[in-house]
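An overview of the molecular structure
For reference, the chains in residue letters:
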Amino acid sequence: MPTNTKTITLECTFCGHQEPMRTFGGACPKCGEVIVEARYDLDALRASQWAETVSRRRPHLWRYHEVLPIYDTDNIVSLGEGHSPLIKSRALAAALGLKNLYIKDERQGPTASFKDRQATVAISALKEMGVDEVVVASTGNVAIAYAAYGARAGIKLWAFFPALAPNDKLREVAVYGAEVIKTTGTYDQTKALAQQFAASRGIFLDKGIKSVAAIEAMKTMAYEIAEQLTWELGAPSSGVPWRSPDWFLQGVSGGMGPIGVGKGFREMRTLGLVDRLPQFGMIQSSGCAPMVDAFMRGQRVATPVENPQTVIATLATGAPGRAYELLYDYVQENGGYFVSASDEEAFQAIRTLARNDGISVEPATGVTFAGLFKLVRQRVIKPDDVVVVNCSGHTLPVEKTILGEQWQKQVDLASAPTTPSLPPEDALMNAIDMVGKRARRVVVIEDNVEAARLMHRILQTRDDTEIRLAHNGAAGLALIRAWRPDMVITDLMMPDVDGFAVVREMKADPALADIPIIVVSAKELTKTSSATCRCCCKRARS
Ligand SMILES: *Cc1c(COP(=O)(O)O)cnc(C)c1O
Ligand SMILES: [Zn+2]
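Quick caveat: nothing in here was measured; it's all calculated off a predicted structure.

Thresholds, definitions, all that
Residue numbering note: each chain is counted from 1, following its sequence as written. By the order in which they are written, chains take letters starting at A while ligands take numbers starting at 1. Side-chain atom pairs in this predicted model are given and counted only at pLDDT of 80 or more, local residue features only at pLDDT of at least 70, and totals for whole chains, interfaces and linings cover all residues. To get the side-chain values, take all heavy atoms of the structure and skip hydrogens and water. Every helix listed is a DSSP run of H or I at least four residues long, and every strand listed is a run of E at least two residues long, numbered separately from the N terminus. Burial classes follow relative accessibility: with a 1.4 Å probe on protein chains only, a residue under 20% of its type's maximum area counts as buried, one over 50% as exposed, and anything between as partly exposed. Each accessible area value is a Shrake-Rupley result obtained with a 1.4 Å probe; residue values ignore everything except the protein chains displayed when judging cover. For Na, K and Ca the donor cut-off is 3.2 Å; for every other metal, N, O and S atoms count as donors within 2.8 Å. Water does not enter the count, which can leave sites looking incomplete. Under this scheme a four-donor centre is tetrahedral when all angles range from 85 to 135 degrees, a four-donor centre is square planar and a six-donor centre octahedral when opposite donors are above 155 degrees with the rest from 65 to 115, and any other centre is irregular. Residues are labelled near a given molecule or strand when at least one of their non-hydrogen atoms is within 4 Å of it. Whenever two N or O atoms come within 3.5 Å, that pair is a polar contact, provided that in protein one can donate a hydrogen and the other can accept it, and provided that, for residues adjacent in sequence, both atoms are side-chain atoms. Residues are grouped as follows: Ala, Val, Leu, Ile, Met, Phe, Trp, Tyr, Cys and Pro are nonpolar; Asp, Glu, Lys and Arg are charged; all remaining types, including Gly, are polar. Stacked, tilted and edge-to-face pairs are distinguished by plane angle, under 30 degrees for stacked and over 60 for edge-to-face with tilted covering the rest, among Phe, Tyr and Trp rings (Trp via its six-membered ring) whose centres lie within 6.5 Å. Here, any two strands with at least 2 DSSP bridges between them count as paired. Contact criterion: two residues are considered in contact whenever any of their non-hydrogen atoms come within 4.5 Å of each other. The axes are straight lines fitted to the C-alpha atoms, using for helices just the contacting stretch, and the angles between their N-to-C directions are given from 0 to 180°. The sense of a crossing depends on the near helix, which, turned anticlockwise from the far helix by less than a right angle, makes the crossing left-handed and, turned clockwise, makes it right-handed. In the sections that follow, a salt bridge refers to a side-chain nitrogen of Lys or Arg positioned within 4 Å of a carboxyl oxygen of Asp or Glu. The directions considered for the arc run from the helix axis to the C-beta atoms.

1. Considering the overall build of the protein
If you tally the helices and strands in the protein, you get 21 helices and 17 strands. Taken across its 542 residues, the protein has 59% of its residues classed as buried. Put simply, the protein shows about 21,400 Å² of open surface, and 50% of that area lies on carbon and sulfur atoms.

Structure below.
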């Protein structure tokens, strides 16, 4: 049934200004705020016995399409996502002394994480707008989901990854035919690069938490949980048809999940479907816990973590910005807690969950369960509370890291292969191993002479590598066309033809489109002059 007569209004989360979604320009025209929320005609829905209608539909995410930001249901791009099982925990619940512990099993979605929700809504919205190319910055799961849905919709995807993103995730993105660009920076730096790239080429940039689609997509978890808990425990005695849990728990990075879930419960309360909002348990990795730090100090504004110290890339947002303020406000109003868990605690929790309840999860979800254990131990969560844990994903085989005698040693930050504070030469070597392990002919484009020399020296440590240098983008492109290297490493910021232009030209030429490209920023390499020395010494010794 097409719903193109629907009215969708956007409301600024800062000043409350409202305007139609169709004319929205990306920021509030009154105050400039970029996080806005969709508003639907809830009174009309309430009057139409909507819950009845919904209950007769097939169990997937789009059964709530009246409260999703799509005008015409013909534009929906779906892979059967949503209505993931709500599994009642047995052994783990008993061990924790909880009577009602439920696991929302988001691993069972089409690309095995709850980013499927974001992808189906965002890609459908792009299709509705006629967009055919999109840029995204991701630590892994968003890009995997967007790559799958983008392939299905015929929308081309450019995926930018930070140094920390695991190679298994990048490979999966490439399988769907997306362009994969690995940077040597942090997640926050990578987001800035993706933004520049999109702007330089006039391609649509996915704004993550700052886009209406993301929050709306995540809120469908709330609708599902309320329906599913009613199937489990019956409707509450207050007379509303659906049931809210006492707690919703999630491992948090940017905060999109809980912000969306909070909005979902608020809407359902307005619709008369539930009687209250759950408390939130938000768990961060202790190596990157800006929200927890601010919460413990009683602050509404988080101080960014510049250099996240965790191997769990999925949770490595160092600068949560206004998302934290929104979550802080939610907790002030409805209750909740922010807590952190170390990487070791997360890996231990993965084993505990797998061995008790038969559910194997990725490290970001391990963080959530480690947080659950703490909140129960601290008696923040009580034995009678109805608790729902967002089992957010399992997109990466972690068995090799968590099993075996040495598993604890392997997650030790100092020895971890993907520590974010890698010296620049190691970050570069990592990136090379990832995109072109067998590359022997390498073009380096770098206008800064000192950085070029350093890169040359780093590359020379590889066996049989032939290196050619170009000192600007135009010379680099000419060299690439003439010499056909196996790999290109390019600086970004160069006068005239910059790194983005090099990437663009190469991807536009079928003869060059398959050559792997690594983007580096000269600043990172030259900033730490000790790296130069370490690199020389290493070579001298070997
Ligand atoms: C994205 C992601 C998170 C963090 O999500 P936010 O709600 O944006 O903080 C946690 N776990 C998994 C598996 C994820 O993919
Ligand atoms: Zn505003």
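2. A short note on the coordination of the zinc ion (ligand 2)
Bound to the zinc ion (ligand 2) are the protein donor atoms Cys-12 (SG), Cys-15 (SG), Cys-28 (SG) and Cys-31 (SG), situated 2.3 Å from the metal. Viewed at the metal, the four donor atoms of the zinc ion (ligand 2) are separated by angles of 101 to 117 degrees, and the geometry they form is tetrahedral. The motif formed by the donor residues of the zinc ion (ligand 2), counted along the single chain, is C-x2-C-x12-C-x2-C. In this pair, Cys-15 sits in the loop between β1 (9–12) and β2 (18–20) while Cys-28 sits in the loop between β2 and β3 (36–39), placing the two residues 13 residues apart along the sequence. Residue Cys-15 is classed as partly exposed on the basis of its relative accessible area of 39%.

3. Section: the site of ligand 1
Taken together, 18 residues lie near ligand 1, and Lys-115, Asn-141, Ser-253, Gly-255 and Gly-257 sit nearest. A distance of 2.6 Å is found between an oxygen atom of ligand 1 and a side-chain nitrogen or oxygen belonging to Lys-115. Notes on ligand 1: free accessible area 390 Å², of which the protein chains cover 96%. Contributing elements (two or more residues each) for the shell around ligand 1: β10 (247–251) and α9 (256–270). No other element matches α9, which puts three residues into the shell around ligand 1. Grouping the constituent residues of the shell around ligand 1 by class yields six nonpolar, 10 polar and two charged.

4. Notes on the packing of aromatic side chains
Under the counting rule described, the total for this entry stands at 12 aromatic pairs. A ring pair is formed by Phe-280 and Tyr-330, whose centres lie 4.0 Å apart and whose planes are at 10 degrees; its orientation type is stacked. A residue pair is termed long-range when its members are at least 10 positions apart, and Phe-280 in strand β11 (residues 279–285) and Tyr-330 in helix α11 (residues 322–334) qualify at 50 residues. With a relative accessible area of 4%, Tyr-330 lands in the buried category. A network of ring pairs unites the aromatic residues Phe-295, Tyr-324, Tyr-328, Tyr-337 and Phe-338 as a single cluster.

5. Re the sheet that holds strand β15 (residues 466–470)
Taken in spatial order, the eight strands make up an open sheet running β9-β6-β7-β8-β17-β16-β14-β15, and their pairing is parallel. Looking at which strands have only one partner, the edges of the open sheet turn out to be β9 (204–205) and β15. Here strand β14 (residues 441–445) pairs with β15 via five bridges, running parallel. Directly across from Ile-445, in β15, lies its bridge partner Ala-470. The strands that helix α5 (residues 141–153) touches are β6 (133–137) and β7 (156–161); relative to β7, the one it contacts most, it runs at about 170 degrees.

6. Some points on the packing of helix α7 (residues 187–201) against helix α19 (residues 499–508)
Packing of α7 against α19 brings their axes to within 10 Å, and their N-to-C directions diverge by 65 degrees. Seen along the crossing, α7 lies across α19 with a hand that is right-handed. Contacts between α7 and α19 pair Leu-193, Gln-196, Phe-197, Ser-200 and Arg-201 from the former with Phe-500, Val-503 and Arg-504 from the latter. Here the residues of the contact of α7 with α19 are counted per class, giving four nonpolar, two polar and two charged.

7. Focus on the pattern of salt bridges
In the structure shown here, the tally under the stated rule is 29 salt bridges. With its nearest N and O atoms 3.0 Å apart, the salt bridge here joins Glu-11 to Arg-39. Of this pair, Glu-11 sits in strand β1 while Arg-39 sits in strand β3, and the two are 28 residues apart along the sequence. Between Arg-57 and Glu-66 there is a salt bridge, with its nearest N and O atoms 2.7 Å apart. Taking relative accessible area as the criterion, Arg-57 reaches 21% and is therefore assigned partly exposed. The exposure class of Glu-66 is buried, given its relative accessible area of 15%.

8. Structural notes on helix α18 (residues 473–483)
Along an α-helix, residues three or four positions apart point the same way, because every turn accommodates 3.6 residues. What α18 keeps buried is the set Gly-473, Gly-476, Leu-477, Leu-479, Ile-480 and Trp-483. On an axial view of α18, the arc spanned by its buried residues comes to 160 degrees, and they lie on one face. The secondary structure elements touched by the buried residues of α18 are β14, β15, β16 (487–491) and α19. N-cap assignment for α18: the residue whose side-chain oxygen lies 3.2 Å from the backbone N of Ala-474 is Asn-472. Among the residues trailing α18, Arg-484 stands out with phi positive, at a value near 50 degrees.

The quantities given are spatial measurements derived from coordinates; they are silent on function.
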